[in-house]
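# Coordinates in review
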Amino acid sequence: MENNRPRAHIPRRQSHPSTASQRGAMKTIIEPFRIKSVEPIHLTTPAEREARLREAAYNVFLLKSDDVLIDLLTDSGTSAMSSEQWAGMMRGDESYAGSPSFYRFEQAVQDIFGFKYVFPTHQGRAAERILFSVMCKPGDVVPSNTHFDTTRANVEFTGAKAVDLVIPEGRQPATIHPFKGNMDVAALERLIAEVGREKIPLCMLTVTNNSGGGQPVSMANVRAVSAVCRKHGIPLYIDACRFGENAWFIKLREEGYADKAPIDIAREMFAHADGATMSAKKDGLANIGGFIASNDAQVAQQERNLLILTEGFPTYGGLAGRDLEAIAIGLREALDEDYLLYRITSTTYLGRHISAAGVPIVQPPGGHAVYIDAAAFFPHIPPAELPGQALVVELYREAGIRAVEIGTVMFGKRDPATGQESTAPMELVRLAIPRRVYTQSHVDYVVEAILNVFGRRDAVRGYRFTEQAPFLRHFTARFAPLGG
Ligand code: F0G
């Protein structure tokens, strides 16, 4: 009979602190995989792209992905799975309750994250909705380094307020700092003093800080934020989407971690927290899935009840058994040193090449993405005329590349009473790199396209909204070009 709690079958690679020494004299960092199955992509003509843009009302979310050549819209759910993950998919057990796939998933999560209670969800935002429904009430305040848009929306949906407390360097695109995702610990102390501990049901920390440029959070900062939270009895939850990439940055940039294995760095990070939410569509290397985890039996009980109401029975939580297998394997692969070396190197390669040619980017390049500072790219387009949107449109027009605006379109707001538009603090365009999907020549193509647009930047004009939804408007908004 099958043991209910089988050992994970994937042998974990031991840390090899000197990956470089394994490579000997070789300097080239390669994709550490070969390709077994290919997916054709094809270039459209400039006239076709012009027509597709007009049909999509200049919102690239409304394009058909068949019309996109290189899709950098997101790194979420777009990973290529490994042969081990596909093998796991076949092993997936679809029992409604008590599936061995769940126990393999639970074991992988507990092994890496160390939390006692683990519930699968269909993706990250489902974990957020359940967590905040249990913990928050109207009038509460939830601090984070920077809340991701779904996190903010789910906090605010409960009537609580989401507050971003990233360090000042995290708001300055050109400033170089090794851990620009860090939370401003003094600002957290001030917030607690100002609103009172009883108004703060939990504190979040997003690793890496997606909305702030994919920038990492240092272990020292995790430790400091955790100490403040513990002093005041505030639970600390980590938004763990890109925990592997964050662990790699700690290994590269923080003193004392160079010889530690990413899995041990990850374990140390989560040991400072009381729980986590995770979208397995990122560093789970899966195409769907997520989870919510904590050590609090009472919170877990309430979460379990909500989970059953909207996601499913606690041993599948909105996922198929095969998805649980893919995540269990993916979470470990995302901590493999050869993988992380290639992953962070390829993102840095893109950032370095466009930046060397003068393109203003958030420095240094992030883990999962390079963020172009569209306000500096198009100094002649004011924020109200949506410079980020203009750049996103030009990248598609130039070369069929799809990126995403993270600026006024995403974070600005129209006041329903006055019709007045507010703008965002930064006008960024994110080039998010899907994991294990594109090769270096794809990246070279992207570099060339960006430099072509940069060369003709003075002729590009801004955009205005013609339609927008009251929240998360970037997904469905429609735009029209301004001027000639
Ligand atoms: N938290 C962070 C930091 C994220 O980046 C995301 C998703 C979520 C939570 C929500 O997870 O999509 O599984 O519900 N980010 C994607 C992106 C959508 O493109 O950055 P989800």
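Computed from a predicted model, the values in this text were never measured in an experiment. (Residues numbered from 1 in each chain as written. Predicted model: local features only at pLDDT ≥ 70, side-chain atom pairs only at ≥ 80, totals over all residues. Heavy atoms only, no water.)

## Considering the site of the ligand
- If you check the shell around the ligand, you find 17 residues, and the closest are T74, D239, S279, K282 and R430.
- Here an oxygen atom of the ligand sits 2.6 Å away from a polar atom, N or O, in the side chain of T74.
- The contact in question runs from an oxygen atom of the ligand to an N or O atom on the side chain of R125, over 2.7 Å.
- With the chains in place, 93% of the 480 Å² that the ligand exposes on its own is no longer accessible.
- Residue contributions to the shell around the ligand peak at 3 residues, all from helix α5 (residues 124–135).
- Its residues assigned to classes, the shell around the ligand shows 2 nonpolar, 8 polar and 7 charged. (Near = heavy atom within 4 Å. Polar contact = N/O pair within 3.5 Å; in protein donor to acceptor, adjacent residues only side chain to side chain. Areas by Shrake-Rupley, 256 points an atom, 1.4 Å probe, with all protein chains shown as cover. Helix = DSSP H or I, 4+ residues; strand = E, 2+ residues; numbered from the N terminus. Nonpolar A, V, L, I, M, F, W, Y, C, P; charged D, E, K, R; others polar.)

## A short note on the domain arrangement of the protein chain
- Taken domain by domain, the protein chain holds domain 1 (17–75 + 337–481) and domain 2 (83–333).
- Listed per partner, the contact involves 27 residues of domain 1 and 34 residues of domain 2.
- Buried surface at the junction of domain 1 and domain 2, both sides included, amounts to about 2600 Å², of which 60% is carbon and sulfur.
- Summed over the shared surface of domain 1 and domain 2, the result is 6 salt bridges.
- When the shortest N-O distance is used, the salt bridge between R435 and D283 registers 3.0 Å.
- Our count for the domain 1 to domain 2 interface comes out at 15 residue pairs in polar contact (both at pLDDT 80 or more).
- Elements supplying a minimum of two residues to the side of domain 1 that touches domain 2: α13 (337–356), β9 (369–373) and α16 (408–411). (Domains from an automatic or database assignment. Contact = heavy atoms within 4.5 Å. Buried area = accessible area lost by both parts, 1.4 Å probe. Salt bridge = Lys/Arg side-chain N within 4 Å of Asp/Glu carboxyl O.)

## Observations regarding the pattern of salt bridges
- Under the definition given, this model contains 28 salt bridges.
- Note that E337 and K251 form a salt bridge whose closest N and O atoms lie 3.6 Å from each other. Separated by 86 residues along the polypeptide, E337 in helix α13 and K251 in helix α9 (residues 243–253) bring together distant segments of the chain. Pair check on accessibility: E337 and K251 agree, each one buried.
- R397 is the partner of E394 in a salt bridge, and the nearest nitrogen-oxygen pair spans 2.7 Å. (Buried < 20%, exposed > 50% of the residue type's maximum accessible area, 1.4 Å probe, protein only.)

## A closer look at the packing of α13 against helix α17 (residues 440–455)
- At their nearest, the axes of α13 and α17 sit 10 Å apart, and the two run at 30° to each other. Taken together, α13 and α17 sit at an angle that is classed as roughly parallel. Crossing hand, α13 versus α17: right-handed. For the pair α13 and α17, contact is made by Y349, L350, H353 and I354 and by Q440, V443, D444, V446, V447, I450 and L451, respectively.
- In terms of residue class, the contact of α13 with α17 is built from 8 nonpolar, 2 polar and 1 charged. (Axes fitted to C-alpha atoms, helices over the stretch in contact; angles between N-to-C directions. Parallel < 35°, antiparallel > 145°, perpendicular 65-115°, else oblique. Left-handed = near helix turned anticlockwise from the far one by under 90°.)

## A short note on the packing of aromatic side chains
- Taken as a whole and judged by the stated rule, the model has 17 aromatic pairs.
- The interplanar angle of 50° and the centroid separation of 4.5 Å between the aromatic rings of F113 and F270 together place this pair among those described as tilted. Linking F113 in helix α4 (residues 100–113) with F270 in helix α10 (residues 262–271), this pair joins segments that are 157 residues apart in sequence.
- Aromatic rings pair up to connect F102, Y103, F105, F113, F115, F243, F270 and F291 into one cluster.
- Over the face of the ring belonging to F454 we find R457, whose NZ or CZ atom lies 3.8 Å from the ring centre. (Phe/Tyr/Trp six-rings, centres within 6.5 Å; stacked < 30°, edge-to-face > 60°. Lys NZ or Arg CZ within 6 Å of the ring centre and 35° of its normal.)

## Comments concerning the sheet that holds strand β8 (residues 290–294)
- Strand order in the open sheet made by the 5 strands is β2-β8-β7-β6-β5, with mixed pairing throughout. The open sheet has two free edges, formed respectively by β2 (117–121) and β5 (203–206), since each of these has just one partner strand. Averaged over all neighbouring strand pairs, the angle between strand axes comes to 15°, with direction disregarded.
- Where β2 lies against β8, 5 bridges are found, and the strand directions are antiparallel. Residue Y117 lies in a different strand from β8, and its bridge partner there is S294. (Pairing = 2+ DSSP bridges.)

## So, the sheet that holds strand β14 (residues 428–432)
- Read across the open sheet, the 3 strands follow the order β9-β14-β11; overall the sheet is antiparallel. Of all the strands in the sheet, just β9 and β11 (404–406) have a single pairing partner and so form its edges. The sheet shows a mean angle of 35° between the axes of neighbouring strands, direction not considered.
- Both β11 and β14 contribute to a ladder of 3 bridges, which runs antiparallel.

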